[in-house]
Amino acid sequence: MRSTDVGVIGAGIVGLATAFALTERGVSVTVYERGVPGQGQSGGQSRIFRHAHDDPRLVAFAKTSRLMWDEWADRFGVELVSADGVVAMGPTAERRFAVLHDMGGLAVRRIDAGELRERLPILGHFDGVAVLDERGGSIRTTAAIAALTAALSGDVIADEVLLVRPTLAGTVEVRAGGVTAEHDSVVVCAGRGTASLARGVGLALPVRTGAHVRLTYDVRGEPPPTLACLQDGSGDFGETGVYAAAEPGNGRYAVGLSSYVDAPDGGLLDPAALAQLAERATGYVERALPGLDPQPVDVRHCWVTELPWGPDGVGVWEADGVYFVAGHNLYKHAPALGRALAAAAAGDGLRDELRPDATLGATAPPMRR
């Protein structure tokens, strides 16, 4: 059967952003989602929006996305990124500050201990390097997913896609549990399932799969008026890869580690290793964040799909009208990434920096010539 112009597989934030961008272009779209929209790798109450990356190209991508988050907020009439900022601490923050400074046009600056205390009143004593990204903040994930899903309400099919394949007619066939349809092109944003669907068209995506743990804690006393997101790479409190963001209202704070548990070939996870990550997160809270009650009130386990060139890496593989999106830490980039994917699927071509050989988001980005 002939279906809509474009099929999008996966209704996480990137899939929804892509589908929404397609409708803005007047392109008909079908979104396939086997579960509840936004409850896979996009799940949880908050994510960090930050401009800081090692790769200047990804900083530029973040700048575009930040403006688009504001556009969405105006269109949907709801706050989508908090105004509390992001505080980064340690050598990584200093290195990335140099990249941000060179980019220009970003409200990013070093702050002293006094302002650090104002921005992050739950933090214990710290006198090292701290950098503030004023236009960073906590992404209101639930509001974002709800707004995009509502805008696409008639375009989302609750079904699991089993395979995608090009046809002799030049279309792309999607076979799901109860649906078989053809589209001019298809965008696959299926998280952990992307690599397996790519194998069906002969592509081997170099995705490392695992899972991490994010725990949420109550703020002691009255919620502070300002509660910045945190990226702590200092090691002063016993961990060098911590990220944290406030939930709406600043009464709760979600904390996670950049460490994760490997799942070879997307297979079984070690439950003891996952439990250890949770224990480490709580230990960090006890040492570093005395403004939080160290008894977690919520636990979120989430899949990780990381590319070999770095934890912020992103790439798009293309084969016969099918686009496969892979990477980790993509939530913040969803508006700009969705728009770029929509343009490719509509026939405008894929941006060069999104192709895998460009290694966008590399920890050590390629030299400019």
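Up top is the structure these notes are about.
Nothing here was measured: the structure is a model prediction, and the numbers come from that model. (Residues numbered from 1 in each chain as written. Predicted model: local features only at pLDDT ≥ 70, side-chain atom pairs only at ≥ 80, totals over all residues. Heavy atoms only, no water.)

### Side note on the sheet that holds strand 20 (residues 322-327)
Where we set the bar: Any two strands with at least two DSSP-identified bridges between them are counted as paired. Elements are defined by DSSP. Helices are runs of H or I of four residues or more, strands are runs of E of two residues or more, and each kind is numbered from the N terminus. Lines fitted to the C-alpha atoms define the axes, with helices restricted to the stretch that makes contact. Angles between their N-to-C directions range from 0 to 180 degrees. Two residues form a contact once any of their heavy atoms are found within 4.5 Å.
Pairing within the open sheet is mixed, and its six strands lie in the order 8-2-1-12-20-19. Because the sheet does not close on itself, it has two edges, and the strands there are strand 8 (156-158) and strand 19 (314-319). Neighbouring strand axes in the sheet, compared pairwise and without regard to direction, differ in orientation by 20 degrees on average. As paired strands, strand 1 (residues 6-9) and strand 12 (residues 185-188) are joined by four bridges and run parallel to one another. For V6, the partnering residue across the bridge sits in strand 12 and is S185. The strands touched by helix 8 (residues 334-348) within the sheet are strand 1, strand 12, strand 19 and strand 20, with strand 20 carrying the most contacts at an inclination of about 160 degrees.

### Quick look at helix 2 (residues 56-76)
Our working rule: What a helix should span is 1.5 Å times the count of its residues minus one. When a residue's accessible area, from a 1.4 Å probe over protein chains only, is under 20% of the maximum for its type it is buried; when over 50% it is exposed; and in between it is partly exposed.
Between its first and last C-alpha, helix 2 extends 30 Å over 21 residues, near the 30 Å set by a 1.5 Å rise per residue. By the burial criterion, the buried members of helix 2 are L58, V59, F61, A62, S65, R66, M68, W69, W72 and A73. With its phi angle positive at about 70 degrees, G77 sits one or two positions after the end of helix 2.

### Topic: the pattern of salt bridges
Quick note on the threshold: Should a side-chain nitrogen of Lys or Arg be within 4 Å of a carboxyl oxygen of Asp or Glu, the pair is scored as a salt bridge.
By the definition in use, this model includes 24 salt bridges. The residue R34 makes a salt bridge to E160 at a minimum N-O spacing of 3.2 Å. A residue pair is termed long-range when its members are at least 10 positions apart, and R34 in the loop between strand 2 (29-33) and strand 3 (46-49) and E160 in the loop between strand 8 and strand 9 (161-166) qualify at 126 residues. Judged by its relative accessible area of 61%, R34 is exposed.

### Let's talk about unusual backbone geometry
A negative phi angle is the norm for most residues apart from glycine, just as the trans form is the norm for most peptide bonds. Backbone geometry at N250 places phi at a positive 60 degrees, although glycine is not the residue there. Assessed through its relative accessible area of 6%, N250 is described here as buried. Positive phi, close to 55 degrees, is recorded for D320, a residue that is not glycine. With respect to the helices and strands, the residue D320 is situated in the loop between strand 19 and strand 20.

### Considering the packing of helix 1 (residues 13-24) against helix 2
Note the cut-off: The labels follow the angle: roughly parallel below 35 degrees, roughly antiparallel above 145, roughly perpendicular from 65 to 115, and oblique for the rest. The residue classification treats Ala, Val, Leu, Ile, Met, Phe, Trp, Tyr, Cys and Pro as nonpolar and Asp, Glu, Lys and Arg as charged. All others, Gly included, are polar.
The interhelical angle for the contact between helix 1 and helix 2, taken along N-to-C directions, is 70 degrees, at an axis separation of 14 Å. In terms of orientation, helix 1 and helix 2 fall into the roughly perpendicular class. Contact residues: I13, A17, F20 and E24 in helix 1; W69, W72, R75 and F76 in helix 2. Of the residues in the contact of helix 1 with helix 2, the class split is six nonpolar, no polar and two charged.

### Regarding the pairing of strand 14 (residues 229-232)
A two-sided burial pattern is seen for strand 14, the buried positions comprising C229 and Q231 on one face and L230 and D232 on the other. Of the pairings in the sheet, the one linking strand 4 (residues 86-89) to strand 14 comprises four bridges and is parallel in character. The residue bridging V87 from the neighbouring strand is L230, located in strand 14.

### Looking at the pairing of strand 13 (residues 208-218)
Working note: regular strand, side chains alternate between the two faces of the sheet. Among the 11 residues that make up strand 13, nine are buried, leaving the element largely enclosed by the rest of the structure. Sheet topology note: the strand 13/strand 18 (residues 298-306) ladder contains nine bridges and is antiparallel. Paired with A211 across the bridge in strand 18 is W303. Pairing between strand 13 and strand 17 (residues 261-262): two bridges, direction antiparallel. For G210, the partnering residue across the bridge sits in strand 17 and is D262. Strand direction decides the pairing type here: strand 13 and strand 16 (residues 252-257), joined by five bridges, are antiparallel. Residue L215 lies in a different strand from strand 16, and its bridge partner there is V255.

### Quick notes on the packing of aromatic side chains
Using the following cut-off: Here a pair means two rings of Phe, Tyr or Trp (six-membered ring of Trp) with centres within 6.5 Å. Their orientation is stacked below 30 degrees between planes, edge-to-face above 60, and tilted elsewhere. When the NZ atom of lysine or the CZ atom of arginine is within 6 Å of a ring's centre and also within 35 degrees of its normal, the charge is said to sit over that ring.
Taken as a whole and judged by the stated rule, the model has seven aromatic pairs. With 6.2 Å between their ring centres and 85 degrees between their planes, F20 and W72 make a pair best called edge-to-face. Pair noted here: F20 is in helix 1 and W72 is in helix 2, with a separation of 52 residues, a long-range link. Grouping residues by exposure puts F20 and W72 together as buried. For the pair W69 and Y331, a centre-to-centre distance of 6.4 Å together with 10 degrees between the ring planes defines the contact as stacked. Here Y331 lies in the loop between strand 20 and helix 8 and W69 lies in helix 2, a separation of 262 residues in the sequence. W69 sits in the buried class, given a relative accessible area of 1%. For Y331, a relative accessible area of 6% puts it in the buried group. Put simply, the rings of F20, W69, W72, F76 and Y331 pair up and form one aromatic cluster. Above the face of the F49 ring, R66 is positioned so that its terminal group lies 5.8 Å from the ring centre. Over the face of the ring belonging to W303 we find R192, whose NZ or CZ atom lies 3.9 Å from the ring centre.

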